[in-house]
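Tertiary structure, described
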Amino acid sequence: MSPRTAVLIATRLHPYRRAFLIVSLLGIALLGGALFLVRSAFAANLVMAAFGPFVFLPWVLMCLSTGFGPGATLRESSDSVVRKAWRWYAALFIGLFLIVACAWPFVVLMS
């Protein structure tokens, strides 16, 4: 994901950043509660596969909308080489995190 693409997506998602945070925190609470209640390793893997996207996907969307949204420091382009490199690093990392969040159930169930 390029910084320009991240800014375009973040502009649309910026009003929902608090909702993404709430959903992610609820997913963490449900995941922790469910893992506390299961007794077998197979059930724990199923719980991780089911609840993982409810934690990671809203979290990455919240990070994207907060970091590249209106008024964010990563949104503004600067002439500094270090600043441009930081924007690219952040955009690529968030894109990679988004791919991992979408592939999470398959990764957990394959292991």
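For clarity, every value in this text was computed on a predicted model and none was experimentally measured.

Definitions and cut-offs
- Residues numbered from 1 in each chain as written.
- Predicted model: local features only at pLDDT ≥ 70, side-chain atom pairs only at ≥ 80, totals over all residues.
- Heavy atoms only, no water.
- Core = buried A, V, L, I, M, F, W, Y, C linked by side-chain atoms within 4.5 Å.
- Buried < 20%, exposed > 50% of the residue type's maximum accessible area, 1.4 Å probe, protein only.
- Helix = DSSP H or I, 4+ residues; strand = E, 2+ residues; numbered from the N terminus.
- Contact = heavy atoms within 4.5 Å.
- pLDDT = per-residue confidence, 0-100.
- Expected span 1.5 Å × (residues − 1).
- Bend = angle between axes of the 7 residues up to and from the residue.
- Axes fitted to C-alpha atoms, helices over the stretch in contact; angles between N-to-C directions.
- Parallel < 35°, antiparallel > 145°, perpendicular 65-115°, else oblique.
- Phe/Tyr/Trp six-rings, centres within 6.5 Å; stacked < 30°, edge-to-face > 60°.

With that settled, consider the nonpolar core. Core analysis: the biggest nonpolar cluster contains 13 residues, and Ala 6, Leu 64, Phe 68 and Ile 94 have the highest contact counts within it. With four residues, helix α1 (residues 3-13) is the single largest residue contributor to this core. The residues touching Leu 64, leaving out its near neighbours within four places in the chain, are Met 1, Ala 6, Ile 9, Ala 10, Leu 13, Gly 69 and Ile 94.

A low pLDDT score tells you not to read the predicted coordinates there in detail. Here the protein chain shows a mean pLDDT of 86. Residues at 70 or above account for 98%. Mean pLDDT across the elements of the protein chain ranges from a minimum in helix α4 (residues 81-110), with 86, to a maximum in helix α2 (residues 17-37), with 90.

Turning to helix α3 (residues 41-67), a few remarks are in order. With 27 residues, α3 ought to run about 39 Å at 1.5 Å a step, and its terminal C-alpha atoms sit 37 Å apart, in line with that. At Phe 51, α3 shows its largest kink, close to 40°, and the proline Pro 53 lies no more than four residues downstream. The set of residues buried in α3 consists of Ala 44, Val 47, Ala 49, Gly 52, Val 55, Pro 58, Val 60, Met 62, Leu 64, Ser 65 and Gly 67. Elements that come into contact with the buried residues of α3 comprise α1, α2 and α4.

Before going further, it helps to examine the side chain of Ser 24. Its location among the elements puts Ser 24 in helix α2. When its relative accessible area of 1% is taken as the criterion, Ser 24 is described as buried.

Close contact between α1 and α3 brings their axes to 8 Å; oriented N to C, the two are set at 100°. As judged from the angle between their axes, α1 and α3 are roughly perpendicular. From α1, Ala 6, Ile 9, Ala 10 and Leu 13 reach across to α3, where they touch Leu 61, Leu 64 and Ser 65.

Another point: the packing of aromatic side chains. If you walk through the whole model with that rule in mind, you get six aromatic pairs. Considering the side-chain rings of Tyr 89 and Phe 93, the 6.3 Å spacing of their centres and the 20° angle between planes classify their relative orientation as stacked. Here Tyr 89 and its partner Phe 93 are both found in helix α4, four residues apart, which amounts to about one turn of the helix. Accessibility expressed as a relative area gives 48% for Phe 93, which makes it partly exposed. Among the aromatic side chains, those forming a connected cluster through ring pairs are Phe 56, Trp 86, Tyr 89, Phe 93, Phe 97 and Trp 104.

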